[in-house]
Amino acid sequence: MVSRSSSRMFQVLQGHIQPAGHRSRKARLVSKEGRCNIEFGNIEYSNHLAYMVDLWTTFVEIRWRFVLLLFVASFTGSWFIFSLLWYWIAKSNGDLTGQNRTDGHVQCIDNVNGLTTAFLYSLETQTTIGYGGRALTGHCAGTVALIIVQSLIGVFINCFMCGVILAKISLPKNRAKTVTFSDTAVICLKKGSLCLLIRVANLRKTLLIGSQIYGKLLRTMTTPDGDTIILDQVDIDFVVDAGKDNLFFVCPMTLYHVINRSSPFYELSADSLPHQDFELVVFLDGTAESTSSSCQVRTSYVPQEIQWGYSFLPIISRTKTGKYRVDFSNFSKSVRVTTPHCVSCFETDADQRNHNSSQDGENHNQQQKSGIDNLGFQVIDIHDSVDITKIRSPLRAGVMDPECVSAGDPAVEFSFKDIFFCQ
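Residues numbered from 1 in each chain as written. Predicted model: local features only at pLDDT ≥ 70, side-chain atom pairs only at ≥ 80, totals over all residues. Heavy atoms only, no water.

## Structural notes on a positive patch on the surface
Judged by side-chain charge, R35, R63, R65, K173 and K177 come together as a positively charged surface patch. Tracing the chain through its elements places R63 in the loop between α3 (55–61) and α4 (64–93). (Patch = residues over 30% accessible without salt bridge, like charges linked within 9 Å, V, L, I, M, F, W, Y side chains within 5 Å. Areas by Shrake-Rupley, 256 points an atom, 1.4 Å probe, with all protein chains shown as cover. Salt bridge = Lys/Arg side-chain N within 4 Å of Asp/Glu carboxyl O. Lys, Arg positive; Asp, Glu negative; His and termini not counted. Charge placed at Lys NZ, Arg CZ, Asp CG, Glu CD. Helix = DSSP H or I, 4+ residues; strand = E, 2+ residues; numbered from the N terminus.)

## Details of a nonpolar patch on the surface
A cluster of nonpolar side chains, F80, I81, L84, L85 and L115, forms an exposed patch at the surface whose accessible area comes to about 430 Å². Ranked by residue count, the leading element in the nonpolar patch is α4, at four residues. Looking at where L84 falls in the secondary structure, it is placed in helix α4.

## A look at the sheet that holds strand β10 (residues 294–301)
Read across the open sheet, the four strands follow the order β7-β6-β9-β10; overall the sheet is antiparallel. Bordering the open sheet on either side are β7 (228–237) and β10, each of which pairs with just one other strand. Each adjacent strand pair in this sheet contributes to an overall mean axis angle of 25°, direction not counted. Both strand β6 (residues 208–222) and β7 contribute to a ladder of eight bridges, which runs antiparallel. (Pairing = 2+ DSSP bridges. Axes fitted to C-alpha atoms, helices over the stretch in contact; angles between N-to-C directions.)

## Focus on the pairing of β10
Pairing analysis gives eight bridges linking strand β9 (residues 278–288) to β10, with the strands arranged antiparallel. Among the inter-strand pairings, D285 is bridged to a residue of β10, identified as Q296. Remark: five residues form the turn of the hairpin made by β9 and β10, two consecutive strands paired antiparallel; S292 in that turn has positive phi of roughly 60°.

## Some remarks on the packing of α4 against helix α6 (residues 141–169)
The N-to-C vectors of α4 and α6 enclose an angle of 180°; their axes lie 11 Å apart at closest approach. The angle between the axes of α4 and α6 places the two elements in the roughly antiparallel class. When grouped by side-chain class, the residues that make up the contact of α4 with α6 number 18 nonpolar, six polar and one charged. (Parallel < 35°, antiparallel > 145°, perpendicular 65-115°, else oblique. Nonpolar A, V, L, I, M, F, W, Y, C, P; charged D, E, K, R; others polar.)

## Let's talk about the state of the cysteines
Disulfides are covalent bonds that link the sulfur atoms of two cysteine residues. Evaluated as defined, the whole model comprises one disulfide. Each sulfur in the disulfide pair C108 and C140 lies 1.7 Å from the other. A torsion of -65° about the S-S bond marks the disulfide between C108 and C140 as left-handed. Taken together, the positions of C108 in the loop between α4 and β1 (109–110) and C140 in the loop between β2 (135–136) and α6 put the pair 32 residues apart, joining distant regions of the chain. The class of C140 is buried, set by a relative accessible area of 17%. In this structure C195 is not part of a disulfide, and its nearest cysteine sulfur, from C188, lies 7.3 Å away. (Disulfide = S-S within 2.5 Å. Buried < 20%, exposed > 50% of the residue type's maximum accessible area, 1.4 Å probe, protein only.)

## Comments concerning the confidence of the model for the protein chain
Model confidence for the protein chain is summarised by a mean pLDDT of 76, while 73% of its residues fall at 70 or above. Throughout residues 1–24 the model reports pLDDT below 50, and contacts reaching past four residues in sequence, or to other chains, amount to three contacts. (pLDDT = per-residue confidence, 0-100. Contact = heavy atoms within 4.5 Å.)

## Brief notes about the packing of aromatic side chains
In the structure shown here, the tally under the stated rule is nine aromatic pairs. Arranged with centres 5.1 Å apart and planes meeting at 15°, the rings of Y214 and F283 form a pair that is stacked. Remark: F283 occurs in strand β9 and Y214 occurs in strand β6; sequence separation between them is 69 residues. Through a chain of ring-to-ring contacts, the aromatic side chains of W56, F59, F156 and F160 assemble into a single cluster. (Phe/Tyr/Trp six-rings, centres within 6.5 Å; stacked < 30°, edge-to-face > 60°.)

## Quick look at the nonpolar core
Membership of the largest hydrophobic core comes to 36 residues, with the highest contact counts inside it found for F181, L196, I198, F238, F265, L280 and V282. The element that contributes the greatest number of residues to this core is β9, accounting for five residues. The next biggest cluster of nonpolar side chains, apart from the first, holds twelve residues, and it includes W86, A90, C140 and L146. (Core = buried A, V, L, I, M, F, W, Y, C linked by side-chain atoms within 4.5 Å.)

## Here's the deal with the packing of α4 against helix α5 (residues 115–126)
It is the contact of α4 with α5, at a shortest axis distance of 8 Å, that shows an interaxial angle of 125°. Classified by the interaxial angle, the pair formed by α4 and α5 is oblique. Handedness of the α4/α5 crossing: right-handed. When α4 is examined against α5, the residues F75, S78, W79, F80, F82, S83, L84, W86 and Y87 are found in contact with a partner set consisting of L115, A118, F119, Y121, S122, L123 and Q126. Here the contact of α4 with α5 is built from residues that sort into twelve nonpolar, four polar and no charged. (Left-handed = near helix turned anticlockwise from the far one by under 90°.)

## A look at unusual backbone geometry
Trans is the common state for peptide bonds, and a negative phi is the common state for residues other than glycine. A positive phi angle is found at N111, which is not glycine, with a value near 65°. By the element assignment, N111 lies in the loop between β1 and α5. Even without being glycine, K191 reaches a positive phi, approximately 55°. Mapped onto the secondary structure, K191 falls in the loop between β4 (185–190) and β5 (193–202).

Shown next, in the form of structure tokens:
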């Protein structure tokens, strides 16, 4: 009985306790590839018609599988619809096999004897193949009008489908797939400040002109009034060593966000970070140099993808031939470095160091200097052979008395600025 209850308790604990290194995955708003995970519900039926009004954008944004299905269905459907019209004309004129034909019967379409031959004629007409076996005779006015309509519709379908395929191939978001972010973000010291670092790289040699980098922190918060705001957005500023705007994005760059008192990460620490509930979305906007089309690259990081106390490995080196080489094998790799436990700890240590250094400087100055400075006195070297009991006093009009008088003589009046010693 005891063993059975113990095994039951062990199974319960085993089901609730996760092994080390296992973290539950949270639903993202933005995936690592930049796709938005959002669903629209309870939309009125009339709003669905807006997708059909903007038909071009709808066809450009749908998936490739639906584009290929639309391509096949549009051509095949038009061929079949017009084949029915050709079949109806041939049947009305008595051109089909099995119909009673009178002597001198004139056919509207040669060699169209059934639905299959009508479909082949429709296909050959719209694709301008023209094998020569089936053709109009010119004796029926309806056939002339129908071939004109089918030719125009065929040209329109060709242009539309070619435009959709070309637009999907040249979408700006396809250029964004050659810009990649690091799998994780790190927090470490950079230029004397605690910073959050993210690495981004352009996989093509063509540049992204006018690149701008910024971030949004998405979190759920409760207002002082008690209202819960889901997906509250907070601006996150990212900078690089080369500046913030108009970046020379030819090699991988490291973005960093300074964690100070105005940063939403100010209250975080190495222990509390994995237990937070937020999503950091990073954006990079730019214009493709080769196509002049604007594109946006985005990715997201959850707290479990932010490493506290790590720094990225260097990936840029220079070869013997003078070329710069980027080693992408270390693009997302990081190494542990010495990092403060929290921002407050770092600021406290910095203030303590500044306070100690200022005290050391004051003590050093006090050891070098004692007394009060008086700029009215001059320092005079005194030798042992000097008789300081006799001084020479100046007389009227600045004429010096050649005799040395006694310092205690009351008849001699002088000022300190006129005193000099006589030997």
